[in-house]
Every structure is written in C-alpha cells, then in structure tokens.
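# Commentary on secondary and tertiary structure
Listed below, chain by chain, are the residues.
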Amino acid sequence: MVEAILIDLFSLPANLQNNIQGLLHNTLETIEKCSSIHGPCVYVMCCQRQGSERKGEQEFLLPALRGFQSLKRRLEVVCAQTTAAALYTIKQRLDEKDLSIIKVILPTLRKDLMKVYIDHLFTAVYQFDFEDLHMVSDCENLQISELQHEGQTLPSQDVALIQSEIQMYLESLPSLKGELTILRSSLIPDDIFLHGFTTRTGGISYIPTLSSCNLFSSSKRRDPQAVVKENLRRLANAAGFNPEAFHRVKIDHANAVCVMGKTEPDNYDGIVTNQKGVTLAAPGADCIPVLFADPVRKACGAAHSGWRGTLLGVSMATVNAMVSEYGCNMKDILVVLGPSVGPCCYKLPHESAKEFQRIDPKCVRLFDSASPYIDIRRATRILLERGGILPKNIQDDSTTDQNQNITFCTACHPEKFYSHFRDGPNFGTQIGFISIKD
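Procedures and definitions
Residues numbered from 1 in each chain as written. Predicted model: local features only at pLDDT ≥ 70, side-chain atom pairs only at ≥ 80, totals over all residues. Heavy atoms only, no water. Helix = DSSP H or I, 4+ residues; strand = E, 2+ residues; numbered from the N terminus. Buried < 20%, exposed > 50% of the residue type's maximum accessible area, 1.4 Å probe, protein only. Contact = heavy atoms within 4.5 Å. Areas by Shrake-Rupley, 256 points an atom, 1.4 Å probe, with all protein chains shown as cover. Axes fitted to C-alpha atoms, helices over the stretch in contact; angles between N-to-C directions. Left-handed = near helix turned anticlockwise from the far one by under 90°. Nonpolar A, V, L, I, M, F, W, Y, C, P; charged D, E, K, R; others polar. Pairing = 2+ DSSP bridges. Salt bridge = Lys/Arg side-chain N within 4 Å of Asp/Glu carboxyl O. Disulfide = S-S within 2.5 Å.

## Looking at the overall build of the protein chain
Counting its secondary structure elements, the protein chain contains 13 helices and 18 strands. The proportion of buried residues among the 438 residues of the protein chain is 54%. Taking as baseline every contact in the protein chain between residues at least 6 positions apart, the subset at least 24 positions apart corresponds to 70%. About 19,700 Å² of surface is accessible on the protein chain, with carbon and sulfur atoms providing 49% of the total.

## Concerning the packing of helix α10 (residues 314-326) against helix α12 (residues 376-387)
Helix-helix packing: each pair is described by the crossing angle between the helix axes and the interaxial distance. The geometry of α10 relative to α12 is characterised by a closest axis approach of 9 Å and an angle of 35° between their N-to-C directions. Classified by chirality, the crossing of α12 by α10 is right-handed. Residue-level inspection shows Ser-315, Met-316 and Val-319 of α10 in contact with α12, the latter providing Thr-380, Leu-383, Leu-384 and Gly-387. Counted by class, the contact of α10 with α12 contains four nonpolar, three polar and no charged residues.

## Side note on the pairing of strand β3 (residues 75-80)
Of all six residues in β3, five are buried; the element is thus mostly enclosed. Relative to β3, strand β2 (residues 41-47) is paired through six bridges, and the arrangement is parallel. By the bridge assignment for β3, Val-42 is matched with Leu-75.

## Notes on the sheet that holds strand β10 (residues 270-273)
Strand order in the open sheet made by the six strands is β9-β10-β13-β12-β14-β17, with mixed pairing throughout. Looking at which strands have only one partner, the edges of the open sheet turn out to be β9 (257-259) and β17 (394-395). Examined bridge by bridge, strand β12 (residues 288-294) and strand β14 (residues 334-337) share four bridges and lie antiparallel to one another. Considered in β14, the bridge of Phe-292 is made with Val-335. Sitting on the sheet, α10 is in contact with β9, β10, β12 and β13 (299-305), with an inclination near 160° to β13.

## Here's the deal with the pattern of salt bridges
Under the counting rule described, the total for this entry stands at 17 salt bridges. Between Asp-8 and Arg-110 there is a salt bridge; the shortest N-O distance is 2.8 Å. Here Arg-110 lies in the loop between β4 (101-106) and α5 (111-121) and Asp-8 lies in strand β1 (residues 4-8), a separation of 102 residues in the sequence. Of the two residues, Asp-8 and Arg-110, both sit in the buried class.

## Some thoughts on the pairing of β12
Burial of β12 is extensive: seven of the seven residues sit out of reach of the surface. Relative to β13, β12 is paired through seven bridges, and the arrangement is antiparallel. Following the sheet pairing, Pro-289 is matched in β13 by His-304. Once β12 ends, the chain turns through four residues before running back antiparallel as β13, passing Lys-298 with a positive phi of about 55°.

## Some details on the state of the cysteines
Scanning the entire structure with this criterion turns up zero disulfides. Here Cys-47 stays free of any disulfide, with the sulfur of Cys-46 as its closest cysteine sulfur at 7.8 Å. The class of Cys-47 is buried, set by a relative accessible area of 6%. Between Cys-328, a cysteine without a disulfide, and Cys-300, which holds the nearest cysteine sulfur, the sulfur-to-sulfur distance is 9.6 Å.

Coordinates in, geometry out; function isn't part of it.
Spelled out as structure tokens, the structure:
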C-alpha cells in the first residue's frame, strides 16, 4: 500500500506552466478520488529560483491546489533551489511519519535523474515506484505503480554533477545536537598517533536514534551513505585526518584481521597498518571499538569487539597481526577500550553467558537468571593480559579512576552515545579511529 506520493514538478519549462497547472489539478483530483481520509501523504516538489522575475512555481500552482479539502491536511508543496534540497526536505517529512512506500509521479524525462538522487539520498528501507505524470488519469493507474518506460543510463558526468549537488547541499546544513566532540586517551602518545573516539554530536543526521553524527550506513537503516560521508568529512576536518585515506573494518562479528597493503578479506573485525597517514576505524554502538598503538615500531590497529568477537579473541588476533607483520613487541603495545555497553546494562541469554563465565566468573552477574548481565570489557582485558599485553598498557576507564574518561557505558548516556541495546534496530554508530602521523 502506497504511504506517500511525490509529484515532481521541479524542472518545468515556462511555456508548459499552464498545461502543468491543469495536469496537477487532474492528478490531485485522481488521488483524492481514490484515497480515503487516511490515504497517502502527498508532496509536490517544485523549484524556487533565486533572483528571478518569474513567479515561483509554488505561487503559480496555488490555484491548482485549491479545493482539495480531504487532501489539505496531508498535502505539502516543497520548494527549493535544487532537486537535492527539495528531495532531502521531503525525506525528512517521510521520516517524521515513518513512511517507506512511496510512489513518484514525474515527467518521463526526469525518471533517470530522479533515480540517481534517490539512490544517493535513500536506503533500501524505502520502496519507490515510478509513474509517468501524463498517465495518471484514473484510479486504476494510481494503483499501478509502474512506468512503461525503459530509461537510459545517465552519462557518468551527469551522475557526477548530481553527486556534487548533493554533497554541496549536505555540506551547507548546520550541525545538530551541539559541537562535534572527540574523546582522546592519554595512554596513546599524540606526538606519534592521531586517534580518538567519536560521540553522537556535531553531525547532520536528524532521525532521533541516528542524530546527529552517525558514522555507519546500512540497508536496514534510514541514514544514507551520502549523509554518513558528510558526517565523516566533518569529523576528519575536526580531527585532522584525510577522509580519502580512511578504512573502516567490515564487520563480521568474528576475528579475521585485515593487514593494510595485503589482500583484503571479504569481512574482518580487526585491521592493522604501519603506513603513515592511513586512518583505521572500528565502529561501535555497544560493541567495543578497540584501538592499538605501538609507539616503538610505529604500528597501529583497530578492532570491533562485540560479544561474539570477544569470545573469538578478535583483540588478541589484532595484536598478533601487529607482532607477526611489523615485529611489534607484545610489551610495547598499548590498548584502549572505547565507549561500549557496560555490565550495568548488557544482558545475554544464559547459554551465551556460560562462555563468559568460563573466561572468568566475574564477567557474569546473576548467572542463574535467564539473561545474566555480561561484562565484555573485563573479558577483553583478561584475554589481552593472558596473551601478553601488560595490564598497565590497557585503558578501561570503567575499572580505573582516569582524569579523562573514555570507556563510558553507551546505553547509560543517550545524550553522548548511540546504543543498539537501548535504541533498537534503527540505531546510530560511533567509531574509534587511529593513524600514524606523517
């Protein structure tokens, strides 16, 4: 069932305005006739030209919009200077109402362009069907969500122009929820390494559970890659690294490690390098982003350690890769555990809890319950120490009194951090990042 209808009148030639006004009226008449009072929301997208003597389409189209009483409360005209701005505004309206199934009614020649915009500004959460503006004349066509038109692939230069337009628009948006904040560890020497852990503030993501500096996009969430890329650009500017030399682990919740410069695995939760200027990153939204630094051999690494990765030893696998690839001495490697869900909040089924109790009974609280509380940080520290990392070289602020707190509980601090455990499936993600300074 269609939840929203987008009527694209953005690029109308001036000589067709009279025809378009009548066409819009007929289209809205069809929508009103075929929709109940709880029918789809309707958005009319048009261009607002700056410094032009020609009347804006919004004012021109007002006569066509009058008289549709049942549509009045769910019809909105969105005017902007670019398609990117108009479509992103409509996306915000859709997200406010949690709408995902959208019919786009548009001139045939706009279909291929619109598909590129949609590919960059939306994710697979949304379903789009396209219909020729000239075909909408009765209820039957309104229900048929197809366009009998095989569009040609746009030239690459046109796609590049659209990408540039989207990027420029997103760069112009104000930061939300305060300044961009980076947490840094005093354990990692800042004369050799650039590093930090992000919080949720200072980006442009607006959906409440993703707001505002979300740094991960997936097909199951509503934040598109273009928005995440802009958040990353702002982080890179604030932190001082090159976003074009940024490498994030490809999460598999296991223990594979990627060595920069060698064949990249399909999936991996650890990554290491000794190349200067290359920034490594591990995401976390309850799982632990773990950073590794060897100031003697000048090598570094990052790992994503959820409960499965912790049990599989992803942190020690990352350490071992640094030792084998770069000749690091175990006693020189520094490890910092980033913001992650604490034992105060995190529960697992009893069967999974058994594995943590085998590591150390103190990793589990209320073991006899159906869902015991789990301390994945303690388990990580124990496995690192057993592997040869010195206890003094492991920073976990949840166990020590540090002046600069890094290891907050993500679930306990909604104003600072994202949390899958707290926020559900449409959650945002922060990261830990590290690089060797040039």
